[in-house]
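Chain and residue survey
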Amino acid sequence: MTNSRFFVKEEQVKSDIINITGNDVNHIKNVLRMKNGEEVMISGGNNTDYHCRILEITDNEVKLSIIEKLESDKELSARIH
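Residues numbered from 1 in each chain as written. Predicted model: local features only at pLDDT ≥ 70, side-chain atom pairs only at ≥ 80, totals over all residues. Heavy atoms only, no water.

Let's shift gears to the overall build of the chain. Broken down by element type, the chain carries one helix and six strands. The buried share of the chain, taken over its 81 residues, is 33%. Considering only contacts within the chain whose residues lie at least 6 apart along the sequence, 48% involve residues at least 24 apart. When the accessible surface of the chain is split by element, carbon and sulfur atoms take 44% of a total near 5700 Å². (Helix = DSSP H or I, 4+ residues; strand = E, 2+ residues; numbered from the N terminus. Buried < 20%, exposed > 50% of the residue type's maximum accessible area, 1.4 Å probe, protein only. Contact = heavy atoms within 4.5 Å. Areas by Shrake-Rupley, 256 points an atom, 1.4 Å probe, with all protein chains shown as cover.)

Further remarks concern the pattern of salt bridges. One pass over the full model with this rule turns up three salt bridges. One salt bridge in this structure joins Asp49 and Arg5, with 3.4 Å as the shortest N-O distance. Of this pair, Asp49 sits in strand β5 (residues 48-57) while Arg5 is found in strand β1 (residues 5-7), placing the two residues 44 residues apart along the sequence. On the accessibility criterion, Asp49 (6% relative accessible area) is buried. By relative accessible area, Arg5 is classed as partly exposed at 36%. Measuring nitrogen to oxygen at the nearest pair gives 2.9 Å for the salt bridge that ties Arg53 to Glu39. Of the two residues, Arg53 sits in strand β5 while Glu39 sits in strand β4 (residues 39-43), which places them 14 residues apart along the sequence. When its relative accessible area of 34% is taken as the criterion, Arg53 is described as partly exposed. (Salt bridge = Lys/Arg side-chain N within 4 Å of Asp/Glu carboxyl O.)

So, in structure tokens, the structure goes:
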């Protein structure tokens with residue numbers, strides 16, 4: 001599993017594909033130098049994370065295939081009074 005995590009808006013998640021655009025494309029491509037086939041974690045809002053594999057990297061977009069959809073509970077379990 002990878003340590004790389006990116007955040008997307010819900011509308012970027014389409015059934016089994018996620019499209020990343022904007023500044024994250026440059027970060028994935030040129031800073032992390034990730035390649036097709038590498039795996040990343042995506043936080044998609046609504047307490048949902050996605051374990052994904054990179055399908056394609058272009059100058060404007062990174063296309064990911066969803067391997068697994070995970071329900072995440074980021075809320076604290078303790079109540080604050």
